[in-house]
Amino acid sequence: MLFLKTKKSKLHPIGFDVYPYTKKDFTYFEITAYKDLIEEVLSAVSSMVLPPDFTENNFKVIKKIVSEEIMEFYDNPYDVLNQKVDQFLYQKNSLALNVAGRKKSIKNITIADLKKWYKKYYIPNNMILTLVGNINVNKTTKLINNIFHFNHLPDKTEKKKKISKIIYPKILTKPIKFTNYNFQQAYLAFVFSASGINNLEYIYNILLAELLNKKMRQKLENSGLFYDIELDYHQYLNAGEFRIITSCDKKNVNKITEKFMAFVYSVKISENFFEEVKNYIRYQFMLKEDSVDELSSLSLYLLAGRLKPLTVEDEIKKVKNISYKKMREIKKKIFNKNNCYFFVMN
């Protein structure tokens, strides 16, 4: 409802578009705007989010759109596999849920249900507003309070919200299988639990992910067994994981499993290669200064946990100070058979 074009059009007269999306733990609006128009942009965002158009006609339109998105979701095997993995790993957490929901729940939801949910969560004091750029902080803070009617901005004395702790399930010696799908190939996921953003080790994990990605593409993609392979570090406030997704012929599942496991546990990263990739990551952090999405989305997680976001300069310094020995220790701690969940879908 919040993403309707009739609402987004309020930004068009001043020449900017809003890019909204929904993740499992928050709804996100990103806007790039000229700093001298900050008041107009904040006013437009306020009218768009607080409150939305809760009309029966809009409600029916959105229910139809979401139902179609759910059907499209199940046509993509990678989306299905990732969702099944989430359901297994985050069984008692909202991260296990599909962002779009289930078709049955969408059908049964009423506009009264939606209004009740909105009034509970979509309120100014449950919102994190991040501004990145060359702005006058005092002036902008007054604008925010006037436009969004905040009672106060959070400070260090405010009681922290309790963040539910994520406890991963017990590691199984056998693969977790998802069957009864009509896909032509087999889809595999290897997941290694790691730290989240709350202890600021995400910088180590970002570097480790890049090191292994480059090595995997050199060694595994040329084997002829894999159709594709992708490694990502998923970071949340109080949890993190390395997730490797790939696909293959169904008859090659055992071969791929053996080859992959042997590679991950024995891969050698030379010190020269480590320094080369570390310099690349430092450069990527430098580019974050020009990326509103990178800066604001990370700040959102940190602020939600009442943690002080690192500056880009601090992040670059942390990358520079990571030693070869430290990275080898982290890799050994994370990438081992006692920390691996293996999933097969066919």
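Here the structure is shown first, and the text comes after it.
The shown structure was predicted, so the numbers you read here are calculated from the model rather than taken from an experiment. (Residues numbered from 1 in each chain as written. Predicted model: local features only at pLDDT ≥ 70, side-chain atom pairs only at ≥ 80, totals over all residues. Heavy atoms only, no water.)

K.L.:
Describe in detail the packing of helix 8 (residues 202-219) against helix 10 (residues 271-287), supporting the description with residues and values.
P.N.:
Interhelical geometry of helix 8 versus helix 10 gives an angle of 125 degrees and a closest axis separation of 10 Å. The orientation of helix 8 relative to helix 10 falls into the category oblique. Relative to helix 10, helix 8 is oriented so that their crossing is right-handed. Across from Ile-203, Ile-206, Leu-207, Glu-210, Leu-211, Lys-214, Lys-215 and Gln-218 in helix 8, the residues of helix 10 making contact are Phe-273, Phe-274, Val-277, Lys-278, Tyr-280, Ile-281 and Phe-285. Residue composition of the contact of helix 8 with helix 10, by class: 10 nonpolar, 1 polar and 4 charged. (Axes fitted to C-alpha atoms, helices over the stretch in contact; angles between N-to-C directions. Helix = DSSP H or I, 4+ residues; strand = E, 2+ residues; numbered from the N terminus. Parallel < 35°, antiparallel > 145°, perpendicular 65-115°, else oblique. Left-handed = near helix turned anticlockwise from the far one by under 90°. Contact = heavy atoms within 4.5 Å. Nonpolar A, V, L, I, M, F, W, Y, C, P; charged D, E, K, R; others polar.)

K.L.:
Before we move on, could you go through helix 9 (residues 253-266) and cite the residues and values that matter?
P.N.:
The end-to-end C-alpha distance of helix 9, which contains 14 residues, comes to 20 Å, matching closely the 20 Å that a straight helix rising 1.5 Å per residue would cover. Along helix 9, the positions that sit buried rather than exposed are Val-253, Ile-256, Thr-257, Phe-260, Met-261, Phe-263 and Val-264. Across the axial projection of helix 9, the buried residues extend over an arc of 165 degrees, all falling on one side. Every exposed residue of helix 9 that faces more than 90 degrees away from the buried side is listed here: Asn-254, Lys-255 and Glu-258. The elements touched by buried residues of helix 9 are strand 4 (186-194), helix 8, strand 6 (240-248), helix 13 (324-334) and strand 7 (340-345). (Expected span 1.5 Å × (residues − 1). Buried < 20%, exposed > 50% of the residue type's maximum accessible area, 1.4 Å probe, protein only. Arc of directions from axis to C-beta.)

K.L.:
Tell me what's going on with a nonpolar patch on the surface, and back it up with residues and numbers.
P.N.:
A contiguous nonpolar patch, built from Tyr-283, Met-286 and Leu-287 and spanning about 280 Å² of accessible area, is present on the exposed surface. Take Tyr-283: it is sitting in helix 10. (Patch = residues over 30% accessible without salt bridge, like charges linked within 9 Å, V, L, I, M, F, W, Y side chains within 5 Å. Areas by Shrake-Rupley, 256 points an atom, 1.4 Å probe, with all protein chains shown as cover. Salt bridge = Lys/Arg side-chain N within 4 Å of Asp/Glu carboxyl O.)

K.L.:
Describe the packing of aromatic side chains, and please don't skip the residues or the numbers.
P.N.:
Per the counting criterion, the structure on display carries 17 aromatic pairs. Residues Phe-183 and Tyr-187 carry aromatic rings whose centres are separated by 5.9 Å and whose planes lie at 75 degrees to one another, so their mutual orientation is edge-to-face. Per residue, the accessibility class of Phe-183 equals that of Tyr-187, and both read buried. These aromatic residues form a ring-pair network of at least three members: Phe-88, Tyr-90, Tyr-168, Phe-178, Tyr-341 and Phe-343. In this structure, Lys-215 packs its charged tip against the face of Phe-273, placed 4.8 Å from the ring centre. (Phe/Tyr/Trp six-rings, centres within 6.5 Å; stacked < 30°, edge-to-face > 60°. Lys NZ or Arg CZ within 6 Å of the ring centre and 35° of its normal.)

K.L.:
So what about the pairing of strand 7? Which residues, and what values?
P.N.:
In terms of burial, strand 7 is a largely internal element, 6 of the 6 residues being buried. Side chains of strand 7 alternate between two faces, with Cys-340, Phe-342 and Val-344 and Tyr-341, Phe-343 and Met-345 buried alike. Sheet topology places strand 3 (residues 176-178) next to strand 7; 3 bridges connect them, and they run parallel. What sits directly across from Phe-178, in strand 7, is Met-345. Inspection of the sheet shows strand 4 paired to strand 7 by 6 bridges, in the antiparallel sense. Opposite Phe-192, over in strand 7, you have Cys-340 as the bridge partner. (Pairing = 2+ DSSP bridges.)

K.L.:
Go over a negative patch on the surface with me, naming the residues and quoting the values.
P.N.:
Taken together, Glu-68, Glu-69, Glu-72 and Asp-75 make up a surface patch of like negative charges. Mapped onto the elements, Glu-69 comes out in helix 3 (residues 56-73). (Lys, Arg positive; Asp, Glu negative; His and termini not counted. Charge placed at Lys NZ, Arg CZ, Asp CG, Glu CD.)

K.L.:
Account for the sheet that holds strand 4, naming residues and giving values.
P.N.:
Pairing within the open sheet is mixed, and its 5 strands lie in the order 3-7-4-6-5. A strand with exactly one partner marks an edge of an open sheet, and here the two such strands are strand 3 and strand 5 (228-235). On average, each strand axis in the sheet is tilted by 20 degrees relative to the strand beside it, whichever way the strands run. Where strand 4 meets strand 6, 9 bridges bridge the pair, whose relative direction is antiparallel.

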